Every structure is written in structure tokens, then in C-alpha cells.
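# Structure assessment
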Amino acid sequence: MERTAVNPVTWSVEMGFNQGELVSGHTRTLYVSGQTAMSDEGKPQHEGDMAGQLALSIDNVEAVLAEAGMSLANLVRLNVYTTDVDQLFQHYGELAGRLGAAGVAPTTTMLGVTRLAIPGQLVELEGTAVA
């Protein structure tokens, strides 16, 4: 698989994401459903704790990727949904750090929403990965 960053402007790179990613030569695409701070038993975790929920949401994305033989390095798209954009920005370094450690800057969209499907959840991550 070959990835080429497409950035007609450079401000997004400083924030840890590319404006676009051209992917060629891949053989598999994985669409990752929204992952929240849920335990393996399907119980919400870290109520009211944005940092805890974000960390567990990333862990859950990684678990889905690993099950498909992939890692964060394969992410080409990441959608971030949150009920509190300002609070998420206070902890965004956790997500950016994990992506940076994996050597990726996937295209990213962040949306503020009134609520998520599970009451008490503050952040949800969904993505697309290629290998």
C-alpha cells in the first residue's frame, strides 16, 4: 500500500491531520464502526471523564484494527464525534500522540453533537483503514 499526503495548505499538518490521503495498491479496506468507552462486556466506562473515555475509545479502535490484522498505522480516515468540543480539545493530545506514535496523520473530521447513542458517552471514534 502506498499513501500520499495531499495538503494544498499546511496548517492541518501542524494539528496532526492531512487534508487528503491518496491510497493506492491496497488490497483490503476496513470500516470501523464508532468506538466509545465501552468495556469488553458492553458496559459504559469513565462516566464524566473525557480523558478516560478518549483513551479507551482509542484502545477499542485499536482492538478492531488488530482483529483485522491492522494497526493505527493503517488508518486513513478518522471521524471524531463529541458532546463537548472544548473539553475534547483539552485532551486531544492523547489522540494526536497515539496517531503520531503510529506515524500517521489520517484525514480527520471532528463534530460536536448533542448526544451519542449511549447516555453518558462523551466521545466516539470511527474510521477507515487500508492495508
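The structure this text deals with has already been given above.
Residues numbered from 1 in each chain as written. Predicted model: local features only at pLDDT ≥ 70, side-chain atom pairs only at ≥ 80, totals over all residues. Heavy atoms only, no water.

## Description of the overall build of the protein
What the protein contains, in helices and strands, is three helices and six strands. In sequence order, the protein lays out its α and β elements as β-α-β-β-α-β-α-β-β. Relative to a compact globule of 131 residues, whose C-alpha radius of gyration would be 14 Å, the protein shows 14 Å and is just as compact. Taking the principal axes of the C-alpha coordinates as reference, the protein spans close to 40 × 35 × 25 Å. Taking all 131 residues of the protein together, the buried fraction comes to 39%. (Helix = DSSP H or I, 4+ residues; strand = E, 2+ residues; numbered from the N terminus. Rg over C-alpha atoms; globule rule 2.2 N^0.38 Å. Buried < 20%, exposed > 50% of the residue type's maximum accessible area, 1.4 Å probe, protein only.)

## Focus: unusual backbone geometry
Even without glycine at this site, histidine 46 takes up a positive phi of about 60 degrees. Tracing the sequence through the fold places histidine 46 in the loop between strand E3 (29-35) and helix H2 (50-67). Given the relative accessible area of 37%, histidine 46 is considered partly exposed.

## Brief notes about the pattern of salt bridges
All chains considered together, the criterion is met by four salt bridges. The partner of arginine 3 in a salt bridge is glutamate 21, and the shortest N-O contact between them spans 2.7 Å. With arginine 3 in strand E1 (residues 2-6) and glutamate 21 in strand E2 (residues 20-24), this pair connects stretches of sequence that are 18 residues apart. In this structure, arginine 98 engages glutamate 62 in a salt bridge whose closest nitrogen and oxygen atoms are separated by 2.6 Å. Of this pair, arginine 98 sits in helix H3 (residues 85-101) while glutamate 62 sits in helix H2, and the two are 36 residues apart along the sequence. Because the salt bridges share partners, they merge into one network encompassing Asp59, Glu62, Glu94 and Arg98. (Salt bridge = Lys/Arg side-chain N within 4 Å of Asp/Glu carboxyl O.)

## Observations regarding a nonpolar patch on the surface
A cluster of nonpolar side chains, Val9, Trp11, Met15 and Phe89, forms an exposed patch at the surface whose accessible area comes to about 400 Å². Inspection of the secondary structure puts phenylalanine 89 in helix H3. With a relative accessible area of 45%, phenylalanine 89 lands in the partly exposed category. (Patch = residues over 30% accessible without salt bridge, like charges linked within 9 Å, V, L, I, M, F, W, Y side chains within 5 Å. Areas by Shrake-Rupley, 256 points an atom, 1.4 Å probe, with all protein chains shown as cover.)

## Some thoughts on the packing of aromatic side chains
In this structure the tally under the stated criterion is two aromatic pairs. Consider the rings of tryptophan 11 and phenylalanine 17, whose centres lie 5.8 Å apart with planes at 85 degrees: the pair is edge-to-face. By relative accessible area, phenylalanine 17 is classed as buried at 15%. Between phenylalanine 89 and tyrosine 92 the ring centres are 6.1 Å apart and the planes differ by 55 degrees, which places this aromatic pair in the tilted class. Taken together, the residues phenylalanine 89 and tyrosine 92, both in helix H3 and three residues apart, mark about one turn of the helix. (Phe/Tyr/Trp six-rings, centres within 6.5 Å; stacked < 30°, edge-to-face > 60°.)

## Observations regarding the nonpolar core
Residues Leu65, Leu95 and Leu125 are the most contacted members of the largest nonpolar core, which totals 21 residues. Of all elements in the fold, only E3, H2, strand E4 (75-82), H3 and strand E6 (123-130) reach the threshold of two or more residues within this core. Excluding its chain neighbours within four sequence positions, the residues that come into contact with leucine 95 are Leu54, Ile58, Leu78 and Val80. (Core = buried A, V, L, I, M, F, W, Y, C linked by side-chain atoms within 4.5 Å. Contact = heavy atoms within 4.5 Å.)

## Section: the sheet that holds E3
Pairing is mixed across the open sheet formed by four strands, whose spatial order is E3-E6-E4-E5. The open sheet has two edge strands with one neighbour each: E3 and strand E5 (107-112). Across this sheet, the average inter-strand angle for adjacent strands is 10 degrees, counted without regard to direction. Sheet topology places E4 next to E6; seven bridges connect them, and they run antiparallel. Counterpart to tyrosine 81 in the pairing with E6 is glutamate 124. Its contacts with the sheet place H2 against E3, E4 and E6, and it is angled at close to 25 degrees to E6. Contacts from H3 reach E4, E5 and E6, with the element oriented near 160 degrees to E4. (Pairing = 2+ DSSP bridges. Axes fitted to C-alpha atoms, helices over the stretch in contact; angles between N-to-C directions.)

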